[in-house]
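One letter stands for each residue in the lines below.
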Amino acid sequence: MPIATPEVYNEMLDRAKAGKFAYPAINVTSSQTLNAALRGFAEAESDGIVQISTGGAEFLGGQYSKDMVTGAVALAEYAHILAEKYPVNIALHTDHCPKDKLDGYVRPLLKLSEERVKAGRNPLFQSHMWDGSAETLADNLEIAQELLEQARRANIVLEVEITPTGGEEDGVTHEINDSLYTTVDDAIRTVEALGLGEKGRYLLAASFGNVHGVYKPGNVVLRPELLKELNDGVAAKFGKQSPFDFVFHGGSGSSEEEIRTALENGVVKMNIDTDTQYAFTRPVADHMFRHYDGVLKVDGEVGDKKQYDPRTWGKLAEAGMAARVVIAANNLRSAGKKMK
């Protein structure tokens with residue numbers, strides 16, 4: 001199947017919300033990790049989301065120029081070709097973009113897709129994220145209004161993060177404290193600024209104790225039941241039941257019970273990066289340790305070309321990451337639910 005059209009992406013999100021499951025959103029940084037993500041979705045028979053962060057886009061742009069837009073566009077174009085060979089629907093998304101990178105990342109990509117739509121084509125990406133969590137909520141929502149209108153014109157969904165996620169993600173750092181919990185007032189102000197879909201569709205990354213990075217279950221206090229409070233508070237004021245499409249950030253180390261509660265309360269997308277990074281790298285490290293004298297020319301020997309050939313260890317990395325994507329699809333209950 002090809003990359004999802006705007007209509008298919010909206011249907012994907014609607015199905016997830018109605019069915020109380022979520023799509024794994026897998027960060028990729030190369031053609032290899034893209035292949036791994038697509039393979040994992042196909043093996044799980046799950047539609048899914050592939051996303052590129054600012055740091056990932058810079059890496060994809062090459063270390064000579066480090067151009068984020070070039071990197072993101074190149075992989076997106078590659079994905080449009082590659083995804084046709086996989087029996088699942090894939091949406092392309094850009095992850096965390098703070099204010100100082102908007103002009104060098106999301107705004108040019110939105111403009112590119114708007115031009116494609118004017119020419120009768122589909123947008124290059126299906127959604128983009130604006131991470132204004134480091135700004136005041138007023139400033140955050142003011143910028144979100146501008147981006148949402150541009151996204152609407154390009155048939156693109158906007159993701160907004162209105163309050164901080166703890167830890168560090170591509171240089172954006174937040175302390176782990178009580179500010180990691182979105183309030184009903186925050187949610188109401190969001191609706192007052194962005195509407196309930198009439199101004200354009202958006203995904204909401206609300207905070208319920210989420211922390212980016214590596215942690216074990218119990219080390220971070222997650223309150224996914226808070227999402228129900230946000231939905232109920234907005235419904236009471238505006239009359240629309242279950243108004244939000246929520247995104248779960250910082251999910252590494254979350255318990256299955258916490259994930260289930262989040263799904264029951266409206267999460268339709270869960271970002272997965274830390275765990276898939278490890279799943280990709282772990283088989284490579286194992287290969288290098290097992291074949292140390294093959295991948296290195298030890299003591300003047302010639303090594304073993306079959307062992308240091310990138311295809312040898314690259315296949316292992318792809319398989320490891322794909323297996324972790326399958327686990328994610330099962331945890332998020334999207335496995336076996338691909339659209340026909």
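Residues numbered from 1 in each chain as written. Predicted model: local features only at pLDDT ≥ 70, side-chain atom pairs only at ≥ 80, totals over all residues. Heavy atoms only, no water.

1. A look at the overall build of the protein chain
To be explicit about the condition: Secondary structure elements are defined from DSSP: runs of H or I of at least 4 residues count as helices, runs of E of at least 2 residues count as strands, and each element is numbered from the N terminus. Radius of gyration here is computed from C-alpha atoms only, and the compact-globule reference equals 2.2 Å multiplied by the residue count raised to the power 0.38. Note on definitions: a residue-residue contact is assigned when non-hydrogen atoms from the two residues lie within 4.5 Å. Using the Shrake-Rupley algorithm and a 1.4 Å probe, accessible areas are obtained, with residue cover drawn only from the displayed protein chains. Two residue types count as positive, namely Lys and Arg, and two as negative, namely Asp and Glu; His and chain ends fall outside the count. Every charge is mapped to an atom, namely NZ of Lys, CZ of Arg, CG of Asp or CD of Glu.
For the protein chain, the helix and strand inventory stands at 13 helices and 10 strands. Relative to the 2.2 N^0.38 estimate, which gives 20 Å for 340 residues, the radius of gyration of the protein chain is 20 Å and therefore close to what a compact globule would have. Taking contacts inside the protein chain between residues at least 6 apart in sequence as the whole, the part at least 24 apart equals 75%. For the protein chain, the exposed surface amounts to about 14,900 Å²; the carbon and sulfur share of it is 52%. Taking the average place of the 37 positive charges on the side chains of the protein chain and the average place of its 49 negative ones, the gap between the two points comes to 6 Å.

2. Some words on unusual backbone geometry
So the rule is basically this: Each residue is assigned to one of three classes by its accessible area relative to the maximum for its type, calculated with a 1.4 Å probe on protein chains only: buried under 20%, partly exposed between the two thresholds, exposed over 50%.
A positive phi is found at K66, a non-glycine position, where the angle reads about 55°. Along the chain, the position of K66 falls in the loop between α3 (54-60) and α4 (68-82). The exposure class assigned to K66 is partly exposed, which follows from its relative accessible area of 40%. Located in the positive-phi region is D299, a residue other than glycine, with phi close to 50°.

3. A closer look at the pairing of strand β3 (residues 90-94)
The following threshold applies: At least two bridges found by DSSP between two strands is the condition for calling them paired.
Of all the 5 residues making up β3, 5 are buried; the element is thus mostly covered by neighbouring parts of the structure. Side-chain alternation along β3 places I90, L92 and T94 on one buried face and A91 and H93 on a second face that is also buried. Bridging between strand β2 (residues 48-52) and β3 involves 5 bridges; their strand directions are parallel. In the strand pairing of β3, I49 is matched with A91. Pairing of β3 with strand β4 (residues 127-131) involves 2 bridges; the strand directions are parallel. In the sheet register, H93 faces β4, and the bridge partner there is S127.

4. Notes on the nonpolar core
Put simply, the test is: Only buried residues count toward a nonpolar core. Its members are Ala, Val, Leu, Ile, Met, Phe, Trp, Tyr and Cys residues joined through side-chain atoms within 4.5 Å.
In terms of nonpolar packing, the biggest core is built from 74 residues, with Y105 and V160 touching the most fellow members. The dominant element in this core, judged by the number of residues it contributes, is helix α6 (residues 137-153), at 7 residues. Those residues in contact with V160 that sit more than four places away from it in its chain are W130, A144, L194, Y202, L203, L204 and A205. Of all hydrophobic cores here, the second largest spans 16 residues; its members include A4, I49, A205 and M339.

5. Digging into the environment of G195
Its place among the elements puts G195 in the loop between α7 (184-194) and β8 (202-205). Placed 76 residues apart in sequence, G195 and N271 show a C-alpha to C-alpha distance of 24 Å. If we skip the residues at most four places from it in the chain, G195 touches T190 and Y202.

6. Some remarks on the packing of aromatic side chains
Two descriptors summarise a pair of aromatic rings, namely the distance from one centre to the other and the angle between the planes of the rings. Operational definition: In this analysis, rings of Phe, Tyr and Trp, with Trp reduced to its six-membered ring, are considered paired at centre separations within 6.5 Å, and the interplanar angle assigns stacked below 30 degrees, edge-to-face beyond 60, and tilted for intermediate values. As a reminder, the over-ring test applies to NZ of lysine and CZ of arginine, requiring each to be within 6 Å of the ring centre and within 35 degrees of the ring normal.
Tallying each qualifying case throughout the model produces 3 aromatic pairs. Judged by centre distance (5.5 Å) and plane angle (85°), the rings of F21 and Y23 are edge-to-face. Take F21: its relative accessible area is 3%, and that puts it in the buried class. Residue placement shows K237 over the ring face of F238; its charged tip is 5.8 Å from the ring centre.

7. With respect to the side chain of E159
Here is the rule: Any pair of N or O atoms that falls within 3.5 Å is considered a polar contact. Within protein, one atom must be able to donate a hydrogen and the other to accept it, and sequence-neighbouring residues count only if both atoms are side-chain atoms.
Summarising the element assignment, E159 is placed in strand β5 (residues 157-161). Separated by 2.9 Å, the side chains of E159 and K269 make a polar contact.

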